[in-house]
Amino acid sequence: TQLLEQSPQFLSIQEGENLTVYCNSSSVFSSLQWYRQEPGEGPVLLVTVVTGGEVKKLKRLTFQFGDARKDSSLHITAAQPGDTGLYLCAGTQDNMLTFGGGTRLMVKP
Amino acid sequence: KAGVTQTPRYLIKTRGQQVTLSCSPISGHRSVSWYQQTPGQGLQFLFEYFSETQRNKGNFPGRFSGRQFSNSRSEMNVSTLELGDSALYLCASSLLAGGANEQFFGPGTRLTVL
């Protein structure tokens, strides 16, 4: 059982659609990070959220940290094929980073 | 600025052998963390080194060990390899110690144990 549960595990959508990825836990995290990983590469940091209720936007991506700092969501508006990849959330606890299982997103043209 | 480099990129070993993986962090970064990524377990934290000292350790057996040199380069060793050790091993560097700091990942070493 993962400390951080991500859903859905897989998502295949058409270009232009919107989607939301969820990252849930029963534990409180001091901060939460979202990464994207493409085949043959390591994860790349997209955003870090620190404050409960915080919302951050990165172009078409909107990240939210839950009020209780136990969950987070990533919303993508008008998805594009370039958004294809593995999206990982990671929470910080006791100075260690714990990753969720990931959401594999495929955006078809 | 050069990114995190890992060598080798691919490795094939047989059960019982040992392996050493290398990681060169971004210049100026003193923290190096190692992770194991598998389809079943996802990304799992192995250990973190900062200024040549192990700062944190994940829940892995003692067969997994590491070290960091004075130039911040790090090596990871796995002894008595098992089939289940087949995975992508990622290292990440950051300026400061602790998972809350931005981690810059290398491309990984793909280890296959036969």
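Going by the structure above, here's the rest.
Residues numbered from 1 in each chain as written. Chains lettered and ligands numbered in written order. Predicted model: local features only at pLDDT ≥ 70, side-chain atom pairs only at ≥ 80, totals over all residues. Heavy atoms only, no water.

Tallying secondary structure elements over chain B gives zero helices and 11 strands in all. In sequence order, chain B lays out its α and β elements as β-β-β-β-β-β-β-β-β-β-β. At 13 Å, chain B has a C-alpha radius of gyration in line with the 13 Å of a compact globule built from 114 residues. If you line up chain B on its principal axes, its C-alpha atoms span 35 × 25 × 25 Å. Relative to its 114 residues, chain B shows a buried fraction of 51%. For chain B, contacts bridging at least 24 residues in sequence account for 54% of all contacts bridging at least 6. A total of about 5300 Å² of accessible surface is found on chain B, and carbon and sulfur atoms cover 49% of it. Here chain B contributes 11 positive and 6 negative side-chain charges, whose respective centroids are spaced 4 Å apart. (Helix = DSSP H or I, 4+ residues; strand = E, 2+ residues; numbered from the N terminus. Rg over C-alpha atoms; globule rule 2.2 N^0.38 Å. Buried < 20%, exposed > 50% of the residue type's maximum accessible area, 1.4 Å probe, protein only. Contact = heavy atoms within 4.5 Å. Areas by Shrake-Rupley, 256 points an atom, 1.4 Å probe, with all protein chains shown as cover. Lys, Arg positive; Asp, Glu negative; His and termini not counted. Charge placed at Lys NZ, Arg CZ, Asp CG, Glu CD.)

Right, let's talk about the sheet that holds strand β7 (residues 61–65) of chain A for a bit. What holds strands together in a sheet is hydrogen bonding between their backbones, with the strands either parallel or antiparallel. Residues and elements named next belong to chain A. Taken in spatial order, the five strands make up an open sheet running β1-β3-β8-β7-β6, and their pairing is antiparallel. Looking at the sheet topology across the chains shown, the edges are occupied by β1 (5–7) and β6 (55–58). Strand-to-strand, the axes of this sheet are offset by a mean angle of 15°, without reference to chain direction. Alignment of β1 against strand β3 (residues 19–24), held across three bridges, turns out to be antiparallel. Pairing of Gln6 across the sheet is with Cys23, part of β3. (Pairing = 2+ DSSP bridges. Axes fitted to C-alpha atoms, helices over the stretch in contact; angles between N-to-C directions.)

Looking at the largest pocket, its volume works out to about 760 Å³. Lining the largest pocket are 36 residues, and of these Leu86 and Arg104 of chain A together with Gln37, Thr38 and Pro39 of chain B sit closest to its centre. Looking at the lining of the largest pocket, the elements that each hand over two or more residues are β1, β2 (10–14), β9 (85–93) and β11 (103–108) of chain A together with β4 (31–38) and β5 (42–50) of chain B. The element contributing the most residues to the lining of the largest pocket is β11 of chain A, with four residues. Residues that form the lining of the largest pocket fall into these classes: 13 nonpolar, 17 polar and six charged. (1 Å grid on protein atoms, 1.4 Å probe; cavity = no way out; pocket = protein on both sides within 12 Å on 5 of 7 lines; lining within 4 Å. Points joined across faces, edges and corners; volume = space filled by probe spheres on them. Nonpolar A, V, L, I, M, F, W, Y, C, P; charged D, E, K, R; others polar.)

Quick look at unusual backbone geometry now. With the exception of glycine, most residues fall at negative phi, and the peptide bonds are largely trans. Between Ser7 of chain A and Pro8 of chain A the backbone carries a cis peptide bond, its omega angle lying at -10°. Within the fold, Pro8 of chain A resides in the loop between β1 and β2. Of note, the bond from Thr7 of chain B into Pro8 of chain B is cis; its omega dihedral lies within 30 degrees of zero at -10°. Summarising the element assignment, Pro8 of chain B is placed in the loop between β1 (5–7) and β2 (10–13). For Lys59 of chain A, which is not glycine, the phi torsion reads 55° and is therefore positive. Assignment of secondary structure puts Lys59 of chain A in the loop between β6 and β7. On the accessibility criterion, Lys59 of chain A (83% relative accessible area) is exposed. A positive phi angle is found at Arg69 of chain A, which is not glycine, with a value near 60°. Within the fold, Arg69 of chain A resides in the loop between β7 and β8 (71–76).

Turning our eyes to something else, we now look at the packing of aromatic side chains. Enumeration over the complete set of coordinates arrives at nine aromatic pairs over all chains. On the basis of an interplanar angle of 45° and a centroid distance of 6.4 Å, the ring pair of Trp34 of chain A and Phe63 of chain A is categorised as tilted. One end of the pair, Trp34 of chain A, is in strand β4 (residues 31–37); the other, Phe63 of chain A, is in strand β7, with 29 residues separating them in the sequence. Considered together, Trp34 of chain A and Phe63 of chain A belong to a single accessibility category, that of buried residues. With centroids separated by 5.6 Å and ring planes inclined at 90°, the aromatic side chains of Tyr35 of chain A and Phe105 of chain B adopt a geometry described as edge-to-face. Pair noted here: Tyr35 of chain A is in strand β4 and Phe105 of chain B is in strand β10 (residues 104–105), and the two residues belong to different chains. Taken together, the ring pairs in this structure connect Tyr35 and Phe99 of chain A together with Tyr35, Phe45 and Phe105 of chain B into an aromatic cluster. (Phe/Tyr/Trp six-rings, centres within 6.5 Å; stacked < 30°, edge-to-face > 60°.)

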